[in-house]
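If you want the building blocks of each chain, they are given just below.
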Amino acid sequence: MSEGTSPATPPAPQPIRLEDYTPPAWLVESVHLDVALAPSRTRVRATMRVLPNPDAAAGTPLTLDGERMTLLLVSVDGAKLDAGAYDLTDSSLVLPHLTEGTHEIVIETECDPQANTSLTGLYQSNGVYCTQCEAEGFRRITYFPDRPDVLAVYTVRLEGDAAACPVLLANGNCVESGTLEGGRHFAVWHDPHPKPSYLFAMVAGDLAHVSDSFTTRSGREVALGIYVEHGKEDRTAYAMDALKRSMKWDEDAFGREYDLDVFNIVAVSDFNMGAMENKGLNVFNDKYILVRPDTATDVDFANVEAIIAHEYFHNWSGNRVTCRDWFQLCLKEGLTVFRDQEFTSDMRSRPVKRIADVKTLRAHQFPEDAGPLAHPVRPTSYIEINNFYTATVYEKGAEVVRMLKAIVGEDAFCAGMDIYFSRNDGRAATVEDFLDAMAEASGRDLSQFKRWYDQAGTPDLVVSGRYSPLDETYELTVAQSTAPTPGQSQKAPLHIPLTMGLIGTDGEDLGLYLAGETSEDGATERTLELTQHEQVFTFEKVPSPPVLSLLRGFSAPVKLTTNGGEKDWLFRMAHDSDPCARWEAGQTYARELLVAVTRAIAAGEKPRRGTRYADALRNVLTDDSLEPAFAAMMLDLPGEAELAQHIGQDVDADAVHAARSHLHKAVADQLGDLLLDRYAQLQSNAAYSPDADQAGRRALKNACLRVYAGLGNENAARLAATQFASANNMTDTEAALATLTHMARDERQAAFDSFYERASGDPLLLDKWFSLQAMSSREDTLARAMELAKHKDFSLTRPNTVRALVGVFAGANPVRFHAADGSGYRFLTAFVRELDPINPQVAARLLGTLKTWRVYDAPRRDAARQAVSDLLSAGKLSEDTYEIATRMIA
Ligand code: ARG
Ligand code: ZN
């Protein structure tokens, strides 16, 4: 650039595309890392054996990824290179003369863990050194081909101050340790399993630990350890138990055994995501390890169990069989979520777990699929891969595996999993490898099914049924379509498993006889396979007009519209033999009621009170045959965000809030005394246990409180305040606060003050204190959130706290976040701007909470678009946040 010209705008970050994949030019056989830990100057000496990949084009210079390090030395086969012999950029190190042969490369670098607030690479959390390498953090530790299809055997020698870091951990088994001069000591860890760099981990610090052991089915004894901050040992028992149950379950359900002598888990307080499956050394957000009845809710306990299982299951689905490239992320994440969902279903109640997963999918994935951030389960391009650890890749990815199982059947699915694991063990695989294994085991053609991986958007199913009394047939017409999503205007029909039944007038399921089929088995439930835009199924021998029960077990992630109405919903709320469909009948009914109430309020008409709906809930409350956890879910009205999605355009968030409050109050009015009775009956003096039965009874009790509180009166406030004062477990404490938080009453302030006293010094409790205030529907919540962002216990460097305050405000408080004047949006984008230079990953994810903005009305849309474009023009953003912001308003 010549003197006097204005500075050019930096080039926009370029996307990486699946279609450009090429195999690595160089492979790494082994890596030996020598790490000398120091808070601001950690030295890493990497010795690696590299060789050209026989399956790639020959003659390519060795190119290594690396960023945010100081390069101190490069040598090849013992000879130090001078600076002219390599090319160093901000993101790579190239050895132009190295184009063939096997070599030993030594690289010395220095990095600054203390200053690393991005929490990727090597960083410190409360003085503990730890690493996060997925997806591309290893390149901040040393120069390396940092891609998942380069698998190497790692040996790590850690050296640090013995007093500051009595614990030194890395992947695999500890093979040597000892003391050194100057108060230092060392440990050498060796992991015999070749692995990609994203599974590398090391941890060092002053940590306490609890140990246990597990004997695998072939008799291998595995030493288990959970490392936590001193004083937190008494919050690890549940996690340890969950780990042992996970190890056993994977042997029983999938035939997968653990493969090292040690399995360690470390809990750290600053972590970008939930947890990480590093080989033999899982690192967790401590929120998903540390639970005790007085500090954690039933939901927290269940999350610990599920995430422990998830990370452990990755040992096979992710580590032994890894991903060829990051576009294949769903191959490990979707499959592993499916596996952890199955585990939880076996440990707890299968129907309740399924409904909970459907709620999550609908709350997070459907809006993603319907908005500007929509992408296929296997995306085809990205700027920053960390932006694709999404509900679509994880949760819809799990739905795809579940559908596959429904289509090929249990036996073929199990056989297919065995083929997949054995054929791809030690390999970096693709979605095609997974589908090939399933196709081979089942003999099915899965080419149309594969579209689920490539096509974004939630399919719409429109189903109508017609009964013909003359020939006693029932004709089902099913049409499928998917709305356009960014970059995909045309959608092809998908292969959809639709599980269904027909219910007779007596409430019993009818036998199903499909016309044109020879077998006469008359099963009462079956899975229809949809493959066309429109299909007709005719059932015979139907003696009287049936009630249609569709999408049993939520057999596919679709939006369903039927020609049934109030009568059908009421009938199925009482009689559907499938719990998921039964729950869904209530949700459909409530959604339609809420839409009608929203319209009535807007038109100045008198809104309905939902009398028949309340009656149906009355039956739920008095039916002792129902599982309490299920009854609790039946009592839940669909949320405001879900309603906004359902309405789909020009939504007035205040009107939706008013409608939901109206129906909530109407139901509370009609069920009042019954709610109080059930609430009283469900009180228990039993010692707290986190098991599913007890948790289910607490869930129903607290649902009664929540519904009753819809009255918003003195009585409700007193009830909640009493529960707060007398609770002997965090579940009841939190439920009381979650009720009080919306109220404008003195009891509220007193309870929050007393909770703060109790929480002080305990970040996990303080985070609850932040989030319970951020979710309040009170009009002063934004002002309060702004105040809390300046509170002494708030910090931009702690992702959990950021999520508890700003994440909850933007993601779980629709009426205040989507304020018509745009104040909620501006709060978010201003916050993101401040956070972005500190932690781009968390900033980008927070900004993502705006993804539903297009369904709102014009003033809101204008404000949202303005807030995001202001953010884009306010100064340089990280690639993470830049990518989300540009897609958001594209
Ligand atoms: N693989 C981890 C899991 O179990 C997620 C880690 C992702 N971390 C990240 N910074 N992208 O789901
Ligand atoms: Zn995972």
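About the criteria used
Residues numbered from 1 in each chain as written. Chains lettered and ligands numbered in written order. Predicted model: local features only at pLDDT ≥ 70, side-chain atom pairs only at ≥ 80, totals over all residues. Helix = DSSP H or I, 4+ residues; strand = E, 2+ residues; numbered from the N terminus. Rg over C-alpha atoms; globule rule 2.2 N^0.38 Å. Buried ≥ 20, exposed ≤ 12 C-beta atoms within 10 Å, placed from the backbone. Contact = placed C-beta atoms within 7 Å. UniProt positions renumbered as here; feature names shortened; annotations may be inferred. Expected span 1.5 Å × (residues − 1). Domains from an automatic or database assignment. Nonpolar A, V, L, I, M, F, W, Y, C, P; charged D, E, K, R; others polar. Pairing = 2+ DSSP bridges. Axes fitted to C-alpha atoms, helices over the stretch in contact; angles between N-to-C directions. Parallel < 35°, antiparallel > 145°, perpendicular 65-115°, else oblique. Left-handed = near helix turned anticlockwise from the far one by under 90°.

**Student:** Got a sec to walk through the overall build of the protein chain? Specific residues and values, please.
**Tutor:** Along the protein chain, the regular secondary structure elements total 26 helices and 32 strands. For 890 residues, the compact-globule estimate of 2.2 N^0.38 gives 29 Å, and the C-alpha radius of gyration of the protein chain, at 28 Å, lies within 12% of that figure. Each principal axis of the C-alpha distribution contributes one length, and for the protein chain these read about 90 × 70 × 70 Å. For the protein chain, with 890 residues in total, the buried portion stands at 51%. Within the protein chain, residue pairs in contact and separated by at least 24 positions form 71% of the contacts whose partners lie at least 6 positions apart.

**Student:** Tell me about the UniProt feature "domain: Peptidase M1 membrane alanine aminopeptidase" (unreviewed entry) in the protein chain, residues and numbers included.
**Tutor:** UniProt records the feature "domain: Peptidase M1 membrane alanine aminopeptidase" (unreviewed entry) for residues 238-452 in the present numbering. End C-alpha to end C-alpha, residues 238-452 measures 37 Å, and it is 56% helix and 9% strand.

**Student:** Would you mind going over helix α16 (residues 714-726) in detail, with residue names and values included?
**Tutor:** Over its 13 residues, α16 extends 18 Å from the first C-alpha to the last, a length consistent with the 18 Å expected when each residue adds 1.5 Å. Looking only at α16, the buried set comprises A716, A717, L719, A720, A721, Q723 and F724. As for α16, its buried residues are in contact with α15 (692-708), α17 (730-740) and α18 (746-759).

**Student:** I'd love a proper account of the UniProt feature "domain: Peptidase M1 alanyl aminopeptidase C-terminal" (unreviewed entry) in the protein chain, names of residues and values included.
**Tutor:** As recorded in UniProt, the sites labelled "domain: Peptidase M1 alanyl aminopeptidase C-terminal" (unreviewed entry) are residues 567-889. End C-alpha to end C-alpha, residues 567-889 measures 42 Å, and it is 72% helix and 0% strand.

**Student:** Give a detailed account of the domain arrangement of the protein chain, specifying residues and quantitative values.
**Tutor:** Parsing the protein chain into structural domains produces domain 1 (17-206), domain 2 (321-454), domain 3 (460-556), domain 4 (558-711) and domain 5 (760-890). Each of domain 3 and domain 4 was reduced to a C-alpha centroid, and the two centroids are 27 Å apart. Domain 3 puts 20 residues into the contact, and the matching count from domain 4 is 17 residues. Broken down by element, the side of domain 3 that touches domain 4 gets its largest block of residues, six residues, from strand β25 (residues 460-468). Residue classes in the side of domain 3 that touches domain 4 are distributed as eleven nonpolar, six polar and three charged.

**Student:** Could you give an account of the environment of L674, with specific residues and numbers?
**Tutor:** With respect to the helices and strands, the residue L674 is situated in helix α14 (residues 653-681). For L674, a count of 17 C-beta atoms within 10 Å gives the class partly exposed. Separated by 52 residues in the primary sequence, L674 and T622 place their C-alpha atoms 8.5 Å from one another. Once residues lying within four places of it in the same chain are set aside, the contact partners of L674 are R618 and L621.

**Student:** Break down the sheet that holds strand β12 (residues 152-161) for me, citing the residues and quoting the values.
**Tutor:** Ordered in space as β6-β5-β9-β3-β2-β12-β15-β14, the eight strands form an open sheet in which the pairing is mixed. Here the strands that pair on one side only, and so sit at the sheet edges, are β6 (79-80) and β14 (173-179).

**Student:** Could you give an account of the packing of helix α23 (residues 823-835) against helix α24 (residues 840-847), naming the residues involved and the relevant values?
**Tutor:** Any two packed helices are characterised by how steeply their axes cross, that is the angle between the axes, and by the distance between the axes. Put simply, α23 and α24 touch, their axes get as near as 9 Å, and they point 165 degrees apart. Judged by the angle between their axes, α23 and α24 are roughly antiparallel. Judged by the sense of rotation from one axis to the other, the crossing of α23 with α24 is left-handed. Contact residues: L828, V832 and L835 in α23; V842, A843, L846 and L847 in α24. A per-class count over the contact of α23 with α24 returns seven nonpolar, no polar and no charged.

**Student:** Could you give me a rundown of the sheet that holds strand β18 (residues 221-228), with the residues and numbers involved?
**Tutor:** Judged by pairing direction, the sheet is mixed, and its five strands sit side by side in the order β17-β18-β19-β21-β20 without closing on themselves. Two strands bound the open sheet, and with one partner strand each, they are β17 (208-215) and β20 (275-276). Strand direction decides the pairing type here: strand β19 (residues 262-268) and strand β21 (residues 281-285), joined by five bridges, are parallel. Following the sheet pairing, V268 is matched in β21 by N285. On the sheet, helix α1 (residues 237-254) packs against β17 and β18 and is oriented at approximately 25 degrees with respect to β17.

**Student:** Go over helix α13 (residues 640-647) with me, naming the residues and quoting the values.
**Tutor:** Of all eight residues making up α13, six are buried, and the element is well covered by its neighbours. Among the residues of α13, E640, A641, E642, L643, A644 and Q645 are the ones counted as buried. If you follow the buried residues of α13, they end up packed against α4 (350-370), α10 (579-602), α14 and α22 (814-817). Two residues or fewer past α13, G648 is found with a positive phi of approximately 90 degrees.

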